[in-house]
Amino acid sequence: MSSLLMLAAEEENPLVPPIPELVIGAIAFVIVFGLLAWKLLPNINKVLDERREAIEGGMEKAEAARTEADSVLEQYKAQLAEARHEAARLRSEAQEQGATLIAEMRAEGQRQREEIIAAGHTQIEADRKAAATTLRQDVGRLATELAGKLVGESLEDHARQSRTIDRFLDELDAKAEAAR
């Protein structure tokens, strides 16, 4: 075993690289890092800045759009409230006009009813007068015939007949009014 230890001590540690390789590796690293920093880093920063500006611009646009949408929403709400108010006003006016129209139609119906009643009364009065005249003539004729039969002479004389009829009807009217 001692020979193995000796052999291991004579050989180099595989985890530690030789110094010349370490120096060459460090120089190569610095050269590659410098090239990357000189050529690639500005492009990367430029792309990142553009992206950041695009994101910030997008956020600003989104905020502006949200603000505009909020204002448009408020306008629509105000217009909707105004439209509802206008609809309520129109509905109220329509109800008032309907009530007025109903009142006018009732008044017109009442007026027409009164006219019909007045015309009916006028017609009834005219019919009553016509019936009274006809009745007066018939009663006068019958009274004249009866008186002629009672008296035994003809009362054909028209003037005498009219006087007799008028006197008889006047007596009847006086008795009818006295009975009332």
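Quick caveat, the model's predicted, so the values are computed rather than measured.

Draft legend 1. View of the overall build of the protein. Of the regular secondary structure elements, the protein holds 3 helices and 0 strands. Ordered by position in the sequence, the α and β elements of the protein form the string α-α-α. When the 180 residues of the protein are sorted by exposure, 4% land in the buried category. For the protein, the computed accessible surface area is about 15900 Å², with 63% contributed by carbon and sulfur atoms.

Draft legend 2. Geometry of the packing of aromatic side chains. By the definition in use, this model includes 1 aromatic pair. Between the aromatic rings of F29 and F33, the centroid separation amounts to 6.1 Å while the plane-to-plane angle is 20 degrees, which identifies the pairing as stacked. Here the residue F29 and the residue F33 both occupy positions in helix α2 (residues 19-151), the gap between them amounting to 4 residues, near one helical turn. Both residues of the pair, F29 and F33, count as exposed. The cationic tip of K39 hangs over the ring face of W38; the distance from NZ or CZ to the ring centre is 4.8 Å.

Draft legend 3. Fine view of the layout of surface pockets. Considered as a void within the structure, the largest pocket measures approximately 190 Å³ in volume. If you trace the largest pocket, you find it lined by A132, T133, L135, R136, V139, L169, L172 and D173. Those elements that provide at least two residues to the lining of the largest pocket are α2 and α3 (158-179). Take the lining of the largest pocket: its biggest share by element is 5 residues, from α2. Broken down by class, the residue content of the lining of the largest pocket amounts to 5 nonpolar, 1 polar and 2 charged.

Draft legend 4. Broad picture of the confidence of the model for the protein. This prediction gives the protein a mean pLDDT of 84; 87% of its residues lie at or above 70. By mean pLDDT, the top-scoring element of the protein is α2 (89), and the lowest-scoring one is helix α1 (residues 2-10) (52).

Draft legend 5. Representation of the pattern of salt bridges in the model. Here the structure, examined in full by the defined rule, presents 9 salt bridges. Close ionic contact of E63 with R66 constitutes a salt bridge, the shortest N to O distance being 2.6 Å. Of this pair, E63 and R66 both sit in helix α2, 3 residues apart, which is roughly one turn of that helix. Given the relative accessible area of 45%, R66 is considered partly exposed. The residue E93 makes a salt bridge to R89 at a minimum N-O spacing of 2.4 Å. Taken as a pair, E93 and R89 lie in helix α2 at a separation of 4 residues, close to a single helical turn. Given a relative accessible area of 32%, E93 falls into the partly exposed group.

Draft legend 6. Quick peek at a negative patch on the surface. A cluster of acidic residues, E50, E53, E56 and E60, forms a negative patch on the protein surface. Its location among the elements puts E53 in helix α2. Its relative accessible area of 54% is what places E53 among the exposed residues.

Draft legend 7. Examining a nonpolar patch on the surface more closely. Taken together, the side chains of I19, L22, V23, I27, I31, L35 and W38 present a nonpolar region at the surface, about 750 Å² in accessible area. Following the sequence through the fold, I19 ends up in helix α2.

Cut-offs and rules
- Residues numbered from 1 in each chain as written.
- Predicted model: local features only at pLDDT ≥ 70, side-chain atom pairs only at ≥ 80, totals over all residues.
- Heavy atoms only, no water.
- Helix = DSSP H or I, 4+ residues; strand = E, 2+ residues; numbered from the N terminus.
- Buried < 20%, exposed > 50% of the residue type's maximum accessible area, 1.4 Å probe, protein only.
- Areas by Shrake-Rupley, 256 points an atom, 1.4 Å probe, with all protein chains shown as cover.
- Phe/Tyr/Trp six-rings, centres within 6.5 Å; stacked < 30°, edge-to-face > 60°.
- Lys NZ or Arg CZ within 6 Å of the ring centre and 35° of its normal.
- 1 Å grid on protein atoms, 1.4 Å probe; cavity = no way out; pocket = protein on both sides within 12 Å on 5 of 7 lines; lining within 4 Å.
- Points joined across faces, edges and corners; volume = space filled by probe spheres on them.
- Nonpolar A, V, L, I, M, F, W, Y, C, P; charged D, E, K, R; others polar.
- pLDDT = per-residue confidence, 0-100.
- Salt bridge = Lys/Arg side-chain N within 4 Å of Asp/Glu carboxyl O.
- Patch = residues over 30% accessible without salt bridge, like charges linked within 9 Å, V, L, I, M, F, W, Y side chains within 5 Å.
- Lys, Arg positive; Asp, Glu negative; His and termini not counted.
- Charge placed at Lys NZ, Arg CZ, Asp CG, Glu CD.

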